[in-house]
Amino acid sequence: FVPGCDSGVGSRGDGTGVRGLNSPNEILSNPYVGDLIEMVNNYGYSPRLNRGTNPPVISGRYSIGGEQFYPLSGPLAPGSFRWSNQTEDDHINTDYEQLTQTGSNVLGEIIRGDGNRFTVYSILNVSESGCSERAIFIFDGTQNSSGDVEGLYMGTPAKTPECFAPSAGAVYLSLVGPEKVI
């Protein structure tokens, strides 16, 4: 999802547990996120950036489909995506694998939404080809009655990029099963 080139687990309650990136407001005030949202708007997309506290249950394993539209245009690489450990106090975990890239929640995440609309605000550790970086990942989507999810993703390094560039796209996640318990 993110093109190439502090820790802590979210505490019970509103935030991710990551200083400076603890709430949707803090995440959205990050200048790299603001620039990326502006770019997404320029491409004609309007993320909802949900703040409600009654999101759908989205825990499950998904296959990745869709298209990246920024910075390059083209289909998303195939891969797997998993949301797990969704809690009543709106925490969730994200893990994905795409070709040689992986992203995992080791830092903190929260889900917000109402009904079948939701936004996951994540602080992920993204790794590819020996390079690893903290990234802000926002998934703004809708869950259908079959459990599939479609929406927008936006990913950007949390500070001056070292390995990865910001990216955004339209994504479709096909539910392939419940979250896998390891």
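Provided above is the structure to which this section pertains.
Residues numbered from 1 in each chain as written. Predicted model: local features only at pLDDT ≥ 70, side-chain atom pairs only at ≥ 80, totals over all residues. Heavy atoms only, no water.

A. Quick peek at the overall build of the chain. When its secondary structure is counted, the chain shows two helices and ten strands. Scanning the chain from its N terminus toward the C terminus, one meets helices and strands in the order α-α-β-β-β-β-β-β-β-β-β-β. In the chain, which comprises 182 residues, the proportion classed as buried is 47%. By element, 49% of the accessible surface of the chain is carried by carbon and sulfur atoms, the whole surface being about 8,500 Å². (Helix = DSSP H or I, 4+ residues; strand = E, 2+ residues; numbered from the N terminus. Buried < 20%, exposed > 50% of the residue type's maximum accessible area, 1.4 Å probe, protein only. Areas by Shrake-Rupley, 256 points an atom, 1.4 Å probe, with all protein chains shown as cover.)

B. Just the pattern of salt bridges, in detail. For the coordinates displayed, the defined rule picks out three salt bridges. Residue Arg82 pairs with Asp95 through a salt bridge whose shortest N-O separation is 2.8 Å. Pair noted here: Arg82 is in strand β4 (residues 79-84) and Asp95 is in strand β5 (residues 93-98), with a separation of 13 residues, a long-range link. (Salt bridge = Lys/Arg side-chain N within 4 Å of Asp/Glu carboxyl O.)

C. Molecular detail of the side chain of Gln68. Along the chain, Gln68 turns up in strand β2 (residues 60-70). You can call Gln68 buried: its relative accessible area is 14%. A polar side-chain atom of Gln68 sits 3.3 Å from the main-chain carbonyl oxygen of Leu72. (Polar contact = N/O pair within 3.5 Å; in protein donor to acceptor, adjacent residues only side chain to side chain.)

D. The side chain of Thr119, seen in detail. Position of Thr119 relative to the elements: it lies in strand β7 (residues 117-128). By relative accessible area, which is 0% here, Thr119 ends up buried. A polar contact is formed between the side chain of Thr119 and the side chain of Asp140, at a distance of 2.4 Å. Sequence-distant contacts of Thr119, that is, excluding residues within four places in its chain, are made with Leu49, Asn50, Ile110, Ile111, Arg112, Ile138, Phe139 and Asp140. (Contact = heavy atoms within 4.5 Å.)

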